[in-house]
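# Summary of the model geometry
Residues per chain, in single letters:
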Amino acid sequence: MILVTGATGNIGSALLGELHACGAGPLRGFTRDASRAAFPAEVEAIEGDFAVQESLKPALGGVRSLFLLSRVGPDANILAAARRAGVEHVVLVSSITVQTHPHLGPAGENLAVERLLKDSGMAWTILRPTQFASNALMWAASIRDREAVRAPYADTGLPTIHPADIASVARVALTEPGHQGRTYALTGPEPVTARQQVKAIAAALGREVPFIEISRQEAHAQMAAVFGHEAADAVLDVTGGDVNDELLAVRDTVAQVTGSPGRPFRQWVAENANIFR
């Protein structure tokens, strides 16, 4: 039994699809609202909440391998429950900022979860992806309303990754030998700036999408109102304010692990264009 948490999210839904397609299983998807889960018929949907300890036991019963996103719940409790349930292998999605920006608070939190997993006694594989292509969804409302996209650091290009590539690496790690005890830094196949992302969305829509570069101060004020000052600083540092060669580097890990090249940003846009219409 493989348990996929975050099963209706960008990574989890793609992972369940790949696992089902390759005949892995049995499969179980963990979600807060099973009534909204459009899983394949053979996938068991189980409803629960990481914050509710009682919901973890039935979700983990009989599970051999676990796919887990870092920091979506009380990680120490989740990993302890997995160990008690007899889980043998955990594939954890952490963040590339653990190695590129270890001084930032969220990176330190991710590193702490990685250490918890390594000390758990279970086998582990750690995935450290860079910025997600799906982060562009933050602009969807503005684009649908025919407003300008406003973003800082317009011409800083990060090797943005398609969430399905993270899922593909996770699928291999869960179903094939040789990936336990490995840590994989994951990026997309090429750098893509915020300005280029908006141009790609405009091309898919067949219309102009205005772009306005704003200052860090303006961006910080907007983000801090939603996420808090520390989180806003961390996001802005890793999207342009404190970039370094390690963060900007394009890695071919996706191709090495899966045998297929990483999906470019424009492919993610083509698959999700209707969200911006």
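Thresholds, definitions, all that
- Residues numbered from 1 in each chain as written.
- Predicted model: local features only at pLDDT ≥ 70, side-chain atom pairs only at ≥ 80, totals over all residues.
- Heavy atoms only, no water.
- Helix = DSSP H or I, 4+ residues; strand = E, 2+ residues; numbered from the N terminus.
- Expected span 1.5 Å × (residues − 1).
- Buried < 20%, exposed > 50% of the residue type's maximum accessible area, 1.4 Å probe, protein only.
- Axes fitted to C-alpha atoms, helices over the stretch in contact; angles between N-to-C directions.
- Parallel < 35°, antiparallel > 145°, perpendicular 65-115°, else oblique.
- Left-handed = near helix turned anticlockwise from the far one by under 90°.
- Contact = heavy atoms within 4.5 Å.
- Nonpolar A, V, L, I, M, F, W, Y, C, P; charged D, E, K, R; others polar.
- Phe/Tyr/Trp six-rings, centres within 6.5 Å; stacked < 30°, edge-to-face > 60°.
- Lys NZ or Arg CZ within 6 Å of the ring centre and 35° of its normal.
- 1 Å grid on protein atoms, 1.4 Å probe; cavity = no way out; pocket = protein on both sides within 12 Å on 5 of 7 lines; lining within 4 Å.
- Points joined across faces, edges and corners; volume = space filled by probe spheres on them.

## Observations concerning helix H7 (residues 163-175)
Along its 13 residues, H7 runs 19 Å from first to last C-alpha, staying within 8% of the 18 Å computed at 1.5 Å per residue. Among the 13 residues of H7, twelve are classified as buried, and the element is accordingly described as predominantly covered. For H7, the full list of buried residues reads Pro163, Ala164, Asp165, Ile166, Ala167, Ser168, Val169, Ala170, Arg171, Val172, Ala173 and Leu174.

## Some details on unusual backbone geometry
Of note in this structure, Arg71 is not a glycine but carries a positive phi near 65 degrees. The topology assignment puts Arg71 in the loop between strand E4 (65-69) and helix H3 (75-85). The phi dihedral of Tyr153 falls on the positive side, at around 50 degrees, and the residue is not glycine. Turning to its location among the elements, Tyr153 is positioned in the loop between strand E7 (149-151) and H7.

## Some remarks on the packing of helix H1 (residues 10-21) against H7
The interhelical angle for the contact between H1 and H7, taken along N-to-C directions, is 50 degrees, at an axis separation of 8 Å. Taken together, H1 and H7 sit at an angle that is classed as oblique. Crossing of H1 over H7 shows right-handed handedness. Residue-level contacts link Asn10, Ile11, Ala14, Leu15, Glu18 and Leu19 of H1 to Pro163, Ala164, Ile166, Ala167, Ser168, Ala170, Arg171, Leu174 and Thr175 of H7. Looking at the contact of H1 with H7, its residues break down into ten nonpolar, three polar and two charged.

## Some remarks on the packing of aromatic side chains
Across all of its chains, the model carries three aromatic pairs by this definition. Look at Phe30 and Phe50: their rings are 5.1 Å apart centre to centre, the planes differ by 45 degrees, and that puts the pair in the tilted class. Taken together, the residues Phe30 in strand E2 (residues 27-31) and Phe50 in the loop between strand E3 (44-47) and helix H2 (53-60) connect sequence positions 20 residues apart. By the burial criterion, Phe30 is buried, and Phe50 matches it. Ring pairing ties together the aromatic residues Phe265, Trp268 and Phe276, which thus form one cluster. For the cation-ring pair, Lys118 lies above Trp124, with the distance from its terminal atom to the ring centre recorded as 4.8 Å.

## Things to note about the layout of surface pockets
Approximately 160 Å³ is the volume attributed to the second largest pocket. When grouped by side-chain class, the residues that make up the lining of the second largest pocket number four nonpolar, five polar and one charged.

## Concerning the pairing of strand E5 (residues 89-93)
In terms of residue burial, E5 counts as a mostly covered element, since five of its five residues are buried. Side chains of E5 alternate between two faces, with His89, Val91 and Val93 and Val90 and Leu92 buried alike.

## Things to note about empty space enclosed by the protein
Regions of empty space are outlined by a rolling probe, equal in size to a water molecule, passed over the atoms. Considering all chains together, one arrives at one cavity of 30 Å³ or more under this definition. Around the largest cavity, the lining residues are Leu3, Phe30, Phe50, Leu56, Ala59, Leu60, Leu66 and Ile78. The element best represented in the lining of the largest cavity is H2, accounting for three residues. In terms of residue class, the lining of the largest cavity is built from eight nonpolar, no polar and no charged.

Treat this as a map of the structure, not an account of what it does.
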